[in-house]
Structures are given as C-alpha cells and as structure tokens.
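What follows is the residue order along each chain.
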Amino acid sequence: DAVELEGNYWTQCVRISDGSLKCWGHDASNNFGNGKGGNNNYVNTPVTAGATGVSNFDMGHYATCTVQSGSIKCMGMSSSYYFGNGDDLVAKNSLVPVSVSGISNATDIVAGGNHNCAIISGGTVKCWGENAYGNLGDNTTTLRTTPVTVSGLSGVSELSAAYSVTCARLSDGTVKCWGSASSGKLGNGDDTTDRHTPVSVSGLTRVTQISSANSQSCAIVSGNAVKCWGYN
C-alpha cells in the first residue's frame, strides 16, 4: 500500500507500507539510488529504489533523502555537501544511498533546493548544505558539509524548505522561518533583512500544516482556512 508521495523536476517516488520506495521518471539525477541512474535512464513504470526501512522521505531538485531507523541517507546528484557526509567536492553523484553524518534519531526530513533539514527526536532541527542566506539557521552564512543545529528552536512538529528559506511549525501552532527575506518569504513584515536564526511569522496561530515553494509559503490553520506569504 502507498503511504507517501513526493516528486521533483525529474521523477516521482512513493513510499510503500513495507518501508520500500518505488520511483519512476527520468533518473538523470540518480535519485532512485538503485545503481542505474544517468542521463539516458528513463523509467516509465515504478521500480524499486535503493532504500529500505524508510519511515519518511523527501525529494529536493536533485537529491532524495530518507529517514531509516533514525538515520538519514541521501542519494542523487549533488554538489555533494547536500549529502551531509563531510564531502565538499563541487559536484559528486551517488548511485546508492549515502549516510548523513552525526544523525541517529531523526523523525522527519525535508529537502530544499540546495540544503536539507531534519527534525530530531525531541523537536530540535539540524540542517546541512548551502547557507548563503542563513537558511541553515545556525547564525552564520557558512556552507556546512555536515549537520548543524538550528539556533534557539525547539518543539518542532513539521518542516518545509525551498531554495533559500526554511520554515518550522511548532507544537504550539505557530510558525518560524529563517533564511532569505526576499519577496517577504519570512512572513515577518520585512523583505530586506535575511535572518540567520528563526523568526516568527506574523499573526499566524493554530497552524496544522505548512508548505514552502521557491518564493512563498502557505499554512493550513484551524478551521481549514489557508494563509500564504511571499512572492505574489
């Protein structure tokens, strides 16, 4: 039985109730992790990906990351710091899953355009990858090849991420974002000052779900209304 569906520019993948992934599409980015990726690898029907025991997963533009028994593994095409394994080569592909360093108790994963973040058991967050706008939330703009803890953030229930921004839904129903302020993506009334640590989205309470795209985010709030902010 299918229980979770994700996609990116190239492919779609579905998580099956037995913890496997099945994927289809153009596997130019090696997103399937089954050792067969490449520019000429077109898959028209679902095939089993190289990941087992998956409890959650997400797909960025060029990489797929999975949670497996608290650990995180990523596969695909990457400026390899997306993989979080300490490798800082400019470009490196992986046809099979690569373990992210230093995470053993993750509960969920989100893949942005050029960075990834994980919820850690207890509600904290760790991120890795590109950090030009502070989108890793560690109060720097330093690229990180291994995970770092987001500063001052706890009680996280859900994450969403895009190219230059990350947002978190907290257990109290509020939302905090960090990274690029361009086009109002942080939702705090400021479209000029990038934030390197989380800031609260203004006037947003009783949130039950969040989602972020490249330049905007939206939230479902109690009563099933939707509120959005960012580029319009």
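To keep things clear, this report deals only with the structure shown in the data block. (Residues numbered from 1 in each chain as written. Predicted model: local features only at pLDDT ≥ 70, side-chain atom pairs only at ≥ 80, totals over all residues. Heavy atoms only, no water.)

**Brief notes about the sheet that holds strand E15 (residues 175-179)**
No. 1: With antiparallel pairing, four strands are arranged side by side in an open sheet as E13-E14-E15-E16. Looking at strand neighbours, the two that pair on one side only are strand E13 (156-161) and strand E16 (195-200), the edges of this open sheet. Put simply, the sheet's adjacent strands are angled 20° from each other on average, direction ignored. (Pairing = 2+ DSSP bridges. Helix = DSSP H or I, 4+ residues; strand = E, 2+ residues; numbered from the N terminus. Axes fitted to C-alpha atoms, helices over the stretch in contact; angles between N-to-C directions.)

**Quick word on the environment of Ala 225**
No. 1: Note on placement: Ala 225 falls in strand E19 (residues 225-230).
No. 2: As for Ala 225 and Thr 45, which are separated by 180 residues in sequence, their C-alpha atoms are 37 Å apart.

**Quick look at the pairing of strand E9 (residues 106-111)**
No. 1: Examined bridge by bridge, E9 and strand E10 (residues 115-120) share five bridges and lie antiparallel to one another. Residue pairing for E10: Val 110 is matched across the bridge by Cys 117.
No. 2: In this antiparallel pair of consecutive strands, E9 and E10, the connection spans three residues.

**Comments concerning the side chain of Asn 114**
No. 1: Counting through the fold element by element, Asn 114 comes out in the loop between E9 and E10.
No. 2: Aside from chain neighbours lying at most four places away, what touches Asn 114 is Tyr 81, Tyr 82, Gly 129, Glu 130, Asn 135 and Tyr 163. (Contact = heavy atoms within 4.5 Å.)

**Considerations on the sheet that holds E10**
No. 1: A sheet is described by the order of its strands in space; here four strands give the open sequence E9-E10-E11-E12, paired in antiparallel fashion. Strands at the two margins of the open sheet, each flanked by one partner only, are E9 and strand E12 (144-149). Taken over all neighbouring pairs, the strand axes of this sheet differ in orientation by 20° on average, direction set aside.
No. 2: As judged from the three bridges shared by strand E11 (residues 124-129) and E12, these two strands associate in the antiparallel manner. By the bridge assignment, Gly 129 is partnered in E12 with Arg 144.

**With respect to the state of the cysteines**
No. 1: Applying the stated criterion to the full structure yields five disulfides.
No. 2: Linked covalently through their sulfurs, Cys 13 and Cys 23 form a disulfide whose S-S length is 2.0 Å. Looking along the S-S bond of the Cys 13-Cys 23 disulfide, the torsion reads about 110°, which is the right-handed sense. Highlighted residues: Cys 13 in strand E2 (residues 11-16) and Cys 23 in strand E3 (residues 21-26), separated in sequence by 10 residues.
No. 3: Residue Cys 23 is classed as buried on the basis of its relative accessible area of 0%.
No. 4: One disulfide in the model links Cys 117 with Cys 127; its S-S distance is 2.1 Å. Here the S-S torsion is close to 110°, and the disulfide linking Cys 117 with Cys 127 is therefore right-handed. With a gap of 10 residues between them, Cys 117 in strand E10 and Cys 127 in strand E11 connect regions that are remote in the sequence.
No. 5: According to the relative accessible area criterion, Cys 127 is buried, its value standing at 0%.
No. 6: Once the bonded cysteines of the protein are numbered in order along the sequence, the disulfide links fall as 1-2, 3-4, 5-6, 7-8, 9-10. (Disulfide = S-S within 2.5 Å. Buried < 20%, exposed > 50% of the residue type's maximum accessible area, 1.4 Å probe, protein only.)

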